[in-house]
Amino acid sequence: MEELHFNTVQEFNDYYGFETLHPLVNVVHFDKDVPIAESMVHYGIYALYLKENKGCKLSYGRTEYDFDEMTITSFEPGQVLHVEQALYGDSVVFPRWTALVFHPDFLKRTNLGRNMSRYEFFSYNSTEALHLSQQEIEVFRGVLSMIEQELHHAIDKHSRELMVSNIELLLNYCLRFYDRQFITREEINHSVVKQFETLLKEYMTQKAATEGVPTVAYFAEKCCFSAGYFGELVKTETGRTAQDFIAEHMIQFAKNELNNPSLSISQVAARLGFEYPQHFVRFFKRRTGITPKEYRQSA
């Protein structure tokens, strides 16, 4: 298996045979009739791909991307991706894609650089590709075209500002498209939330005492999503964050346990996964406005 390291835009360009128009950013179009070598790709740059056909399979670990033609996949520095050739029967489909790649240094001392954390889709992974409508594809390509035009324009004092502004515009459109996808996948979202609720109840009754306080990351992994995508999905479906969803179930479980007079508050805390009873007391008061002891006295 080939090991690829794209720590610079130049390394990315050299591997695929693209012209380097700027050392820190590029817009590229791949349409060569060559099969894909199975590889592990290590990213040190940001990459946003418009996948135009089913020419390759992408996966993180053992989980494959929810991948089809005309989808957006995105990667950030520090991510490692497994890529292999996709076969459809006896046919080999050669990949076709367009990509925006840029180095983190291109965003230094810019508002976008300071706010990249809001674009959580860069850390989305399994089953989370962004599926675009025809209109969305046109928007995406239109903004990419503006960045590409700047790359071919003679560099002047406006070049970097215009390209950074258009990268930000593109990322903001991706946020909108993801919000649309969360809404249009209502049936899938509903089933995931039901699974989340079932897993949470099982965890509280069977695992919390030994495994500790439940976390969003635990349930995201069980449902085969990244924590960021899972959190957005739950919020879209329920109007609450995944953390609030967990906390509300923990409070209900705590109240049921506190109604058992044979259990001390320390024992109830342990059953919820708290290592220290005082942490449980603070959690309970923050969520209900009263302490566990006060709740018992009012029951």
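Numbers given to residues run from 1 along each chain, matching the order in which its sequence is written. Local features in this predicted model are restricted to residues of pLDDT 70 or higher, and side-chain atom pairs are both shown and tallied only at a pLDDT of 80 or more, whereas totals for entire chains, interfaces and linings draw on every residue. No hydrogens and no water enter the side-chain calculation; it runs on all heavy atoms of the structure.

Chemist: Explain the overall build of the chain here, please?
Modeler: A tally of regular secondary structure across the chain gives 12 helices and 12 strands. Structurally, the chain occupies a C-alpha span of about 75 × 50 × 35 Å along its principal axes. The criterion used for residue contact is that any of the two residues' heavy atoms lie within 4.5 Å. In the chain, 72% of the contacts between residues at least 6 apart in sequence involve partners at least 24 apart. Across the chain, the centroid of the 30 positively charged side chains sits 11 Å from that of the 40 negatively charged ones. A run of H or I in DSSP counts as a helix once it spans at least four residues, and a run of E counts as a strand once it spans at least two, with each numbered from the N terminus. By the counting rule applied here, Lys and Arg register as positive and Asp and Glu as negative, while His and the ends of each chain are not counted. To locate a charge, take NZ of a lysine, CZ of an arginine, CG of an aspartate or CD of a glutamate.

Chemist: Help me understand the side chain of Asn166 in this model?
Modeler: Relative to the helices and strands, Asn166 resides in helix H4 (residues 159–184). Taking relative accessible area as the criterion, Asn166 reaches 12% and is therefore assigned buried. Think of it in three bands: residues with accessible area under 20% of the maximum for their type are buried, residues over 50% are exposed, and the middle band is partly exposed, with areas taken using a 1.4 Å probe on protein chains only.

Chemist: Teacher, can you tell me more about the packing of helix H9 (residues 242–258) against helix H11 (residues 277–288) here?
Modeler: What describes two packed helices is the angle between their axes and the distance between those same axes. All axes here are fitted lines through C-alpha atoms, helices being fitted over the stretch that makes contact, and every angle between N-to-C directions spans 0 to 180 degrees. Axis separation between H9 and H11 bottoms out at 11 Å; the angle between their running directions is 110°. Between H9 and H11, the angle falls in the class roughly perpendicular. Contacts between H9 and H11 involve Asp244, Ala247, Met250, Ile251, Ala254, Lys255 and Leu258 from the former and Phe280, Phe283, Phe284, Arg287 and Thr288 from the latter. Of the residues assigned to the contact of H9 with H11, the class counts are eight nonpolar, one polar and three charged. An angle counts as roughly parallel when it lies under 35 degrees, as roughly antiparallel when it exceeds 145, as roughly perpendicular when it falls between 65 and 115, and as oblique in every other case. Gly falls in the polar group here, along with every residue not listed as nonpolar (Ala, Val, Leu, Ile, Met, Phe, Trp, Tyr, Cys, Pro) or charged (Asp, Glu, Lys, Arg).

Chemist: Whenever I open this one, the pairing of strand S11 (residues 97–102) confuses me. Can you help?
Modeler: On any regular strand, side chains alternate: one points to one face of the sheet, the next to the other face. With six of its six residues buried, S11 lies for the most part within the structure. Of the two faces of S11, the one carrying Trp97, Ala99 and Val101 and the one carrying Thr98, Leu100 and Phe102 are both buried. Only strands that DSSP links by at least two bridges are regarded as paired with each other. Summarising the sheet, strand S2 (residues 25–30) and S11 pair through six bridges and their orientation is antiparallel. Residue pairing in the sheet places Val25 in a bridge with Phe102 of S11.

Chemist: How should I be thinking about the pattern of salt bridges in this particular structure?
Modeler: For this analysis, a salt bridge means a side-chain nitrogen from Lys or Arg found within 4 Å of a carboxyl oxygen belonging to Asp or Glu. Applying the stated rule across the entire model yields six salt bridges. Between Glu52 and Arg141 there is a salt bridge, with the nearest N and O atoms lying 3.3 Å from each other. Of this pair, Glu52 sits in the loop between strand S4 (46–51) and strand S5 (56–60) while Arg141 is found in helix H3 (residues 134–152), placing the two residues 89 residues apart along the sequence. Salt-bridge contacts for Arg271 lead to Glu257; the nearest nitrogen and oxygen are separated by 2.9 Å. With Arg271 in helix H10 (residues 265–271) and Glu257 in helix H9, this residue pair connects regions lying 14 residues apart in the sequence. We classify Glu257 as buried; its relative accessible area is 13%.

Chemist: Quick question: what am I supposed to make of the nonpolar core here?
Modeler: A general feature of soluble globular proteins is that nonpolar side chains tend to end up buried together. Among buried residues, those of type Ala, Val, Leu, Ile, Met, Phe, Trp, Tyr and Cys that are joined through side-chain atoms within 4.5 Å constitute a nonpolar core. Residues Leu48, Leu100, Phe230 and Phe280 are the most contacted members of the largest nonpolar core, which totals 68 residues. Residues contacting Phe230, with those up to four places away along its chain left out, are Val192, Phe196, Val216, Phe219, Ala220, Cys223, Phe225 and Ala242.

Chemist: So what exactly am I meant to see when it comes to unusual backbone geometry here?
Modeler: Excluding glycine, most residues fall at negative phi; most peptide bonds, likewise, are trans. Even without being a glycine, Arg109 presents a positive backbone phi close to 60°. Here Arg109 is to be found in the loop between S11 and helix H2 (111–114). Arg109 gets classed as exposed once you look at its relative accessible area, which sits at 73%. Located in the positive-phi region is Cys224, a residue other than glycine, with phi close to 65°. Note that Cys224 resides in the loop between helix H7 (216–222) and helix H8 (227–238). Residue class for Cys224 comes out partly exposed when judged on its relative accessible area of 40%.

Chemist: Mind showing me how you'd approach the confidence of the model for the chain here?
Modeler: Keep in mind that low pLDDT regions are not for reading the predicted coordinates in detail. pLDDT measures how confident the predictor is about each residue, on a scale from 0 to 100. Residues with a pLDDT of 70 or more make up 91% of the chain, whose mean pLDDT is 89. Within the model, pLDDT remains below 50 along residues 58–67, and this stretch shows 43 contacts once partners closer than five positions in the same chain are excluded.

Chemist: How should the side chain of Gln181 be read in this particular structure?
Modeler: Examined against the element boundaries, Gln181 turns out to sit in helix H4. When sequence neighbours within four positions are dropped, the list of residues in contact with Gln181 reads Ala129, Leu130, His131 and Tyr229.

Chemist: Just checking my understanding: could you explain the packing of helix H5 (residues 186–206) against H9 for this structure?
Modeler: It is at 11 Å that the axes of H5 and H9 come closest, and there the two elements cross at 40°. Judged by the inter-axis angle, H5 sits oblique to H9. Seen along the crossing, H5 lies across H9 with a hand that is right-handed. Two secondary-structure elements touch here, H5 through Val193, Phe196, Glu197, Leu200, Met204 and Thr205 and H9 through Ala242, Phe245, Ile246, His249, Met250 and Phe253. Tallied by class, the residues present in the contact of H5 with H9 amount to nine nonpolar, two polar and one charged. Left-handed is the label given to a crossing in which the near helix is rotated counterclockwise from the far helix by less than a right angle, and right-handed is the label when the rotation is clockwise.

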